[in-house]
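# Per-entry structural report
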Amino acid sequence: MRLQNIVAFGLPGRGKTHLLCAIGHELVRRDHSVLFIPAYRLVQKLLIAKRVGGGAI
């Protein structure tokens, strides 16, 4: 199994969330695991993990 990340960026209102939700939904339908998290929250979690010294997100 190959693990991959998808990151979308661009101007507000261009359909990034809609597109990625559709992709995530299809992946779940095909029995894959999906983590959908806003970039700001991911950065917060990474900074906390770095400060604490590790751990899973």
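The structure contained in this document is the topic of the report that follows. Per chain, the residues get numbers from 1 upward, laid out in the order the sequence is written. Per-residue local features of the predicted model are confined to residues with pLDDT of at least 70, and side-chain atom pairs are confined, for both listing and counting, to 80 or more; whole-chain, interface and lining totals are unaffected and use all residues. Water and hydrogen atoms were dropped before computing side-chain values, which therefore reflect all heavy atoms in the structure.

Time to look at the overall build of the protein chain. We count a stretch as a helix when DSSP gives it H or I for four or more residues in a row; a strand needs E for two or more, and each element gets its number in order from the N terminus. Along the protein chain, the regular secondary structure elements total two helices and zero strands. Here the C-alpha radius of gyration of the protein chain, 14 Å, is well above what a compact globule of 57 residues would show, namely 10 Å. Each residue is placed in one exposure class: buried if its accessible area under a 1.4 Å probe, protein chains only, is under 20% of its type's maximum, exposed if it is over 50%, and partly exposed if it falls in between. For the protein chain, buried positions account for 5% of its 57 residues. For accessible areas, the Shrake-Rupley method is used with a probe of radius 1.4 Å. Any residue's cover is judged against the shown protein chains and nothing else. Within the structure as shown, the protein chain displays about 5,700 Å² of accessible surface, and the carbon and sulfur contribution to it stands at 60%. Taken over C-alpha atoms, the radius of gyration is set against a globule rule of 2.2 Å times the number of residues to the power 0.38.

To continue, consider the pattern of salt bridges. The rule for a salt bridge is simple: a side-chain nitrogen of Lys or Arg has to be within 4 Å of a carboxyl oxygen of Asp or Glu. Applying the stated criterion across every chain yields a total of two salt bridges. One salt bridge in this structure joins R30 and E26, with 2.7 Å as the shortest N-O distance. We classify R30 as exposed; its relative accessible area is 56%. For E26, a relative accessible area of 26% corresponds to the partly exposed category. Within the structure, one salt-bridge network assembled from shared partners comprises E26, R29 and R30.

Attention now moves to unusual backbone geometry. Non-glycine residue D31 carries a positive phi angle of around 70 degrees. In this structure, D31 sits in the loop between α1 (16–29) and α2 (39–52).

Another point: the environment of L3. Residue position: L3 is located in the segment before α1. The spatial distance from the C-alpha of L3 to the C-alpha of A39 is 19 Å, given a sequence separation of 36 residues.

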